[in-house]
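Here is how the chains run, residue by residue.
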Amino acid sequence: MTAHYSALLIVVPLVVAFMVTIAGWIDKRWCFPLSAAALLATFLASVGVLAEVQQNGVVEYFMAGWEPPVGINLRVDHLNGIVLVAIAAVALLNLLGTRPIVEKTYADRLGAFYTLYILLVTGLLGITATGDAFNLYVLIEIAALTGYALIGMGPGRASLSSLNYLFMGTVGASLYLLGVGYLYLATGTLNMVDLAARLPEIYDSRLVLSAFILCLAGLCLKMGFFPLHAWLPNAYAHAPSPVSSLVAPLVTKVMIYVMVRVMLTVFTPVFAFERLQLGGSMVWLAVIAIVAGSFLALSTRRLKRMLTFIIVAEVGYMVGGFWLGNRAGISGAILHIVNDAAMTFCVFLAAAAIQQRNEGETIDDLQGLFAKMPVTMAVFVVGGLSIIGVPPTCGFFSKWYLISGGLAAGHYGFVAALLFSSLINLVLFFRIFEIAFFEPFTDHHGGHGHGGEGVHGVAIEEAPLQMLVVMVTAAVMLFALGLYAGDIVEGFVTHVIPAGIL
Amino acid sequence: MRALALITVLMVGGLLFYGLPDFPDWGDPVSPASTHLSPFYIEQGAADTHAPNVVTAVLAYYRGYDTMFEAAVIFSAGLACFFLLRTFQQKSEETRLYRHIPTGVTLRIEEGGKTPAGSEEFEPIDSHWVPYDMIINMTCRLIVPFVQLFALYVIAHGHYSPGGGFQGGVLFGAAIILFAISHDLRSVFRRLQEKAVMFLSAVGVLIYAGTGVVCLVLGGNFLDYSFLAGMLGVDAVMARSHGILIIEIGVGLAVMAVMVMLYYNLSSAGRHDEGL
Amino acid sequence: MEAILSSFLTKYNYWVFIGLVMIGLYALIAKRNLVKKIIGMNIAQTAVILFYVSIGAKQGSTIPILDSSHGHDAHHAVQAIDYINPLPHVLMLTAIVVSVATLGVALALAIKVYQQYGTLEEDEIQAQIDKT
């Protein structure tokens, strides 16, 4: 069975998704255990694939037994190996952690919720594993459609935000599809490796350049790269909490992975970095994205909305790091895909727990929360420190690589933007910590806890135990990823970067 | 907004036009797209799968993995509509409407009044006036079975002529929707319950993915139908042909069910009452 | 001028597809009504389908359904030049399904928006949001 790990990774959740629908109609109690079992199997398979990649190099799987370009292949190397593990881990943890909220909110449509959830994860895994440019489009649409549905079910303005996300997402996917069409017209193939082999002789063709720009524009739209980010804050902030802690860590990160993959494997660095000399301008766009994202985050007082603007800035980190075009920059960008998934998950899950207990959604409603939800706030602090980039959390290490990449490339604007954004993040999070820790808890029960140790009268009202366990696991992961950052870079990321890049 | 739209449109259009001079001429038989990969499919397709319709061979066999996700996409769409729109709590209205079936007369019953529920001759309706057109009803009653028969033909004959699971499934779904339009949603629910539709859509895609899993269990790669040969008692090429038929049936079921599910939820805004 | 004209004549399918993409995109961005936006989105997706199907065309060829249907010697006679390229058609079957699915979900969301705000005009919805 080891030879089939890469296929099982996608097939198991897909098959179970349909079973969950059927189970939902027969007995709702089966939905959760089935989903959890499927995602656990997926996680184990992804670890298995990664181990195999570590041992034998690239793992290929030929669907229907046909080698590319005739058939479709899955192609897992060091790059998507770690992304696959990250997706599977976050999806599993989020499923376990958000169960209490989901079972309360969607009691009447539990089967549909879990089916859409697993299909979304399947789509993301498929995007990451596939070696075929068109197959990638189909899977992007699976992940997107299920995402629209899950987001649209949120409270308040969610359906409108989701519809706008659908418009933008469809345009992005269509642009990517047009780009693939141009490539197909120019080469007659859809397989990524085959494309890379057939493209160099026609690098001068206008078709290749238009295809390149179309793909890049489509992917930038899908990943929410400033100024194409307009859909992102609304969609993620209005989504139901169990969904936003799934899509916010994963979807944009997977799209950044796709950009890295398309640039490194299909167009190859020779075309992307050397012939076009596009790097400089893309990094400047990233600088704008980082600065704008930080300012937008500063301008809102709503907790989840602030976090989504931080994502916009983080997208800028990764895009900028990649387009620096040197070893440290690309390593930082790839490391940050994994780290950002982990830390975004951490803060969004904590935010979900907070919203579960707290009615308001602005940061002013967080008063006295350290006393009320100590564990949740501790996890939130760890996540916040990691986003700021405080050692030994993982956020520090990827930022370190990004900054050294910026210095090596002599791109001081990017370095300045990173430092500036860290500073803003510091302000953002400490503003929250201050409100939650120091300001008195204005409760009607007469809790007179003023300063010092006086938190008497404030009942601890923690999130459900299941959620706490998952949150603490996620927080520990942030430290673990930080401690092993060097090993991850040495063991995996260095193999990804083509030899020509210094 | 208009200026923004114009700028965006001109940028995208300009980008698309920029590549145009290097396009091969339309219908050029020596363009890369026509010479690199596609000749293999045309020359090998029928020999590998016994399906003279090369599109079917590529769709369901060489690129069957894509098609599986295509079925999954349509399944997710159906499920998404259900998830977003379905409302389970019944609206309690003060007045209720009933139609006397033999005469077509509408009864209006105020709150507290005695309802003719349980009577064979009355049916509950939702809007004040529902047209009851005998000609349309009869015509659709006559057409529906033939459309359904044709749909089955399209599914089964996908190897030899344009057609296959998607087209046949859409036709079958259209037949049911036609019936729903000419009568009303409630009369369709009596014949095809929501639960059954949901079940069929999941089973359809499961047939597809399950076939792939069976191939995997029998020692082949995922979706490699040749490994079904032993189970079906035919040679490898014929096994692929049968494999294609099996997954086309699965796709047909799923597409039919999803089309109906979309109509159920969109036409009644999830209330599952009388509909349009 | 002559070059443009001849380019139009030899590639008119591609010209039409670009025009349709532009129309669809314009409607998607500029229109205020959500259903009109959805229609614009659909036009743009259909344009992409036209583009792909145009790639498949080959002059002097017929649809990719082989003539000598039965029998094992079929592949001896098959010449790729006689049949159009099946691959774009396969891809577009997928894309059609995707666009139908997107349309379905978009309409479902539009219904939900209408249930919530009682209108499908964007500026009226915005006015309601600003009020609260």
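Throughout what follows, the structure given in this document is the object of discussion.

Below, the discussion takes up the overall build of chain A. A tally of regular secondary structure across chain A gives 21 helices and 2 strands. Relative to the compact-globule value of 23 Å for 502 residues, chain A shows a C-alpha radius of gyration of 22 Å, a close match. Taken along its principal axes, the extent of the C-alpha atoms in chain A is 75 × 60 × 45 Å. By residue count, 68% of the 502 residues in chain A fall in the buried class.

Let's shift gears to the interface of chain B and chain C. At the junction of the two partners, chain B supplies 56 residues and chain C supplies 55 residues. Roughly 5100 Å² is buried in total at the junction of chain B and chain C, and carbon and sulfur atoms are behind 77% of that figure. The largest contributions to the chain B side of the interface with chain C come from B:Trp26, B:Ile42 and B:Leu84, which together make up 15% of the buried area. Where chain B touches chain C, the interface holds 0 salt bridges. Here chain B is connected to chain C by 11 residue pairs in polar contact (both at pLDDT 80 or more). Mapped by element, the contributors of at least two residues to the side of chain B that touches chain C are α1 (2-19), α2 (32-35), α3 (38-49), α4 (54-62), α5 (64-85), α7 (165-182) and α11 (236-267) of chain B. The element best represented in the side of chain B that touches chain C is α1(B), accounting for 10 residues. Of the residues belonging to the side of chain B that touches chain C, the class tally is 40 nonpolar, 9 polar and 7 charged.

Facing 52 residues of chain B, the contacting portion of chain A comprises 62 residues. Summed over both partners, the interface of chain B with chain A buries about 5300 Å², with 75% contributed by carbon and sulfur atoms. On the chain B side of the interface with chain A, the three residues burying the most area are B:Tyr65, B:Phe69 and B:Phe83, jointly 15% of the side's total. In this assembly, chain B and chain A are joined by 1 salt bridge. Of the charged contacts, one joins B:Arg63 and A:Asp132 as a salt bridge, the two residues approaching to 2.9 Å between their closest N and O atoms. One can count 15 residue pairs in polar contact (both at pLDDT 80 or more) joining chain B with chain A. If you list the elements that add at least two residues to the side of chain B that touches chain A, you get α1, α2, α3, α4, α5 and α9 (194-217) of chain B. Per element, the largest residue contribution to the side of chain B that touches chain A is 14 residues, and it comes from α5(B). Each residue belonging to the side of chain B that touches chain A can be placed in one class, and the counts come to 37 nonpolar, 6 polar and 9 charged.

This part is about the side chain of B:Ser226. Residue and element names in this part refer to chain B. Secondary-structure assignment places Ser226 in the loop between α9 and α10 (229-232). Here the side chain of Ser226 touches Asp224 through a polar contact of 2.5 Å, side chain to side chain. Only 3.4 Å separates the side chain of Ser226 from the side chain of Arg240, close enough to count as a polar contact.

What counts, and where the lines are drawn
- Sequence order as written defines the numbering, with residues in each chain counted from 1.
- Think of it this way: whatever chain is written first is A, whatever ligand is written first is 1, and the rest follow in order.
- It should be noted that, the model being predicted, local features are given only for residues of pLDDT at least 70 and side-chain atom pairs only at 80 or more, the latter also being counted only at that level, while totals for whole chains, interfaces and linings use all residues.
- Hydrogen atoms and water are omitted, and side-chain values are computed over all heavy atoms in the structure.
- Helix and strand labels come from DSSP, where a helix needs a run of H or I of at least four residues and a strand needs a run of E of at least two; each type is numbered from the N terminus.
- Atoms counted for the radius of gyration: C-alpha only. Globule rule: 2.2 Å times residue count to the power 0.38.
- Summary of the burial criterion: residues with accessible area below 20% of their type's maximum are buried, those above 50% are exposed, and those between are partly exposed, where the area comes from a 1.4 Å probe applied to protein chains only.
- Only heavy atoms matter for contacts: two residues are in contact if any of them lie within 4.5 Å across the pair.
- Two parts placed together each lose some accessible area; with a 1.4 Å probe, that loss summed over both constitutes the buried area.
- One speaks of a salt bridge when a side-chain nitrogen belonging to Lys or Arg is within 4 Å of a carboxyl oxygen belonging to Asp or Glu.
- Definition of a polar contact: a pair of N or O atoms within 3.5 Å, with one able to donate and the other able to accept a hydrogen when the atoms are protein atoms, and with sequence-neighbouring residues admitted only if both atoms are side-chain atoms.
- In the scheme used here, Gly and all other residues not listed as nonpolar or charged are polar, with Ala, Val, Leu, Ile, Met, Phe, Trp, Tyr, Cys and Pro taken as nonpolar and Asp, Glu, Lys and Arg as charged.

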